[in-house]
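One letter stands for each residue in the lines below.
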Amino acid sequence: MELFGYNPPMLLAHAFVIAFGLAVGSFLNVCIYRIPKGRSVIRPGSSCPHCHHPLRPWENVPILSYLFLRGKCSQCGGRISWIYPIVESTTALLFYLLFLKYGFDTPFFINVVFFGMLVGLIFIDLFERLLPNVITLSGLTFGLLMSPLQSGEFFQGTQLFGTYNVIWAHYFDSILGILVGGGFLWLVAELYVRVKKIEGMGFGDIKMMAMVGAFLGWRYAWLTILLGSLLGALVGSIYIYALGKGRRYELPFGSFLGVGAIASTLWGQELLAWYLAQ
Ligand SMILES: [Zn+2]
């Protein structure tokens, strides 16, 4: 039996990944709102930010509740931010892209955690210019510990010591990723302070790139910095020339790095092959 060219169990898997992404996106909304305020992400449950009435289950369904309530609280009519459905649908789309790339292979589960953390960091940096340690440092630890289960395309086994255990090769590449990702940004930050006498980059960016390196190894950490810088330069020029903002306007560099890390994970192999062929 086939439905739209798929067999039913396959369709169920696709639907599961999207529902899972929406649910994680809903949890990420709580994290994005509460972590910068230093509040618990578990208790209490979600409530309206205007009248504080606790949300009932039907008011807390990703995207659907927002559409059904037309973006307004059922009690006080206060506006519900459109950021919530954006975060939920973005997370679902990213999880789905990971599923298309990896199926239910181990890299899917590792990178679902990675992408969840990245979405959190992208939006927290965008709103608060903050990259919380609770995400970057736990991500760094998780990425390093799980690196043997990560996709082989990121960890090709550095041949410095001849042939050796593939698990240690992955750990070695992950540690190299931490050093290259974090180290390069630390160097740039140091140069900025020495030459321009201003703090151009926070330690949050450095820790975030160390986390990206732990998940993706040194090659893709480098690609992430390249893509994030290009995106930052592009958005920065638009801000300065088109919108007339001052040069001192602080851009959310962590958000750009996050987008770069997502692109590196999903399409890094193709991007690197294209870049090296130029
Ligand atoms: Zn309300």
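Residues numbered from 1 in each chain as written. Predicted model: local features only at pLDDT ≥ 70, side-chain atom pairs only at ≥ 80, totals over all residues. Heavy atoms only, no water.

**Q** Tell me about the overall build of the chain, and name the residues and values.
**A** Helix and strand counts for the chain come out as eight helices and zero strands. When the elements of the chain are put in sequence order from the N terminus, they spell out α-α-α-α-α-α-α-α. Relative to its length of 278 residues, the chain is compact, with a C-alpha radius of gyration of 20 Å against a globular reference of 19 Å. Its C-alpha atoms give the chain principal-axis dimensions of about 65 × 60 × 35 Å. The proportion of buried residues among the 278 residues of the chain is 42%. For the chain, the exposed area adds up to about 15,300 Å²; of that, 69% sits on carbon and sulfur atoms. (Helix = DSSP H or I, 4+ residues; strand = E, 2+ residues; numbered from the N terminus. Rg over C-alpha atoms; globule rule 2.2 N^0.38 Å. Buried < 20%, exposed > 50% of the residue type's maximum accessible area, 1.4 Å probe, protein only. Areas by Shrake-Rupley, 256 points an atom, 1.4 Å probe, with all protein chains shown as cover.)

**Q** Go over the pattern of salt bridges, please, and point to the residues and values.
**A** Across all of its chains, the model carries four salt bridges by this definition. The partner of Arg56 in a salt bridge is Glu59, and the shortest N-O contact between them spans 3.2 Å. Here Arg219 and Asp173 are joined by a salt bridge, their closest N and O atoms 3.0 Å apart. A residue pair is termed long-range when its members are at least 10 positions apart, and Arg219 in helix H7 (residues 203-242) and Asp173 in helix H6 (residues 166-196) qualify at 46 residues. Of the two residues examined, Arg219 and Asp173, each falls in the buried class. (Salt bridge = Lys/Arg side-chain N within 4 Å of Asp/Glu carboxyl O.)

**Q** Describe the coordination of the zinc ion, and please don't skip the residues or the numbers.
**A** Each protein donor to the zinc ion is listed here as Cys48 (SG), Cys51 (SG), Cys73 (SG) and Cys76 (SG); together their distances run 2.3 Å. Around the zinc ion sit four donor atoms, and with donor-metal-donor angles ranging over 106 to 116° the site reads as tetrahedral. (Donors = N, O, S within 2.8 Å, 3.2 Å for Na, K, Ca; no water. Tetrahedral: all angles 85-135°; square planar, octahedral: opposite > 155°, others 65-115°.)

**Q** Tell me about the side chain of Ser147, residues and numbers included.
**A** Within the element layout of this structure, Ser147 appears in the loop between helix H5 (133-145) and H6. Residues contacting Ser147, with those up to four places away along its chain left out, are Phe155, His170, Tyr171, Ser174 and Ala214. (Contact = heavy atoms within 4.5 Å.)

**Q** So what's going on with the packing of helix H1 (residues 8-34) against helix H3 (residues 83-102)? Which residues, and what values?
**A** It is the contact of H1 with H3, at a shortest axis distance of 7 Å, that shows an interaxial angle of 140°. Judged by the inter-axis angle, H1 sits oblique to H3. Pair H1 / H3 crosses with right-handed handedness. In terms of residue class, the contact of H1 with H3 is built from 17 nonpolar, seven polar and one charged. (Axes fitted to C-alpha atoms, helices over the stretch in contact; angles between N-to-C directions. Parallel < 35°, antiparallel > 145°, perpendicular 65-115°, else oblique. Left-handed = near helix turned anticlockwise from the far one by under 90°. Nonpolar A, V, L, I, M, F, W, Y, C, P; charged D, E, K, R; others polar.)

**Q** Can you lay out the nonpolar core for me, pointing to particular residues and giving the numbers?
**A** As a rule of thumb, nonpolar side chains are buried together in soluble globular proteins. If you look at the biggest cluster of nonpolar residues, it comprises 53 residues, and the most contacted ones within it are Phe114, Phe115, Leu118 and Met211. Those elements giving two or more residues to this core turn out to be H1, H3, helix H4 (106-128), H5, H6, H7 and helix H8 (253-277). Broken down by element, this core gets its largest block of residues, 13 residues, from H7. Residue assignment places this core across two domains, with domain 1 (1-104) and domain 2 (131-278) each supplying three or more. With near-sequence residues (within four places) excluded, Leu118 lies in contact with Met208, Met211, Val212, Gly258, Ala261 and Ile262. (Core = buried A, V, L, I, M, F, W, Y, C linked by side-chain atoms within 4.5 Å. Domains from an automatic or database assignment.)

**Q** Describe a nonpolar patch on the surface, listing the residues and the values that go with them.
**A** On the surface, Phe16, Phe20, Phe104 and Phe109 cluster together into a nonpolar patch covering about 400 Å² of accessible area. Along the chain, Phe20 falls in helix H1. Overall, Phe20 belongs to the partly exposed group, its relative accessible area being 31%. (Patch = residues over 30% accessible without salt bridge, like charges linked within 9 Å, V, L, I, M, F, W, Y side chains within 5 Å.)

**Q** A description of unusual backbone geometry should follow, citing residues and the corresponding values.
**A** The residue after Arg43, namely Pro44, is reached through a cis peptide bond having omega -10°. Locating Pro44 in the fold gives a position in the loop between H1 and helix H2 (64-68). Although it is not a glycine, Arg129 adopts a positive phi angle of roughly 50°. Looking at the element boundaries, Arg129 is found in the loop between H4 and H5.

**Q** How would you summarise the environment of Phe154 if you had to cite specific residues and measurements?
**A** Along the polypeptide, Phe154 turns up in the loop between H5 and H6. Sequence separation between Phe154 and His170 is 16 residues, and the spatial gap between their C-alpha atoms is 8.8 Å. Apart from the residues lying within four places of it in its own chain, the contact partners of Phe154 are Tyr102, Asn111, Asp173, Phe215, Leu216, Arg219, Tyr220, Ser264 and Thr265.

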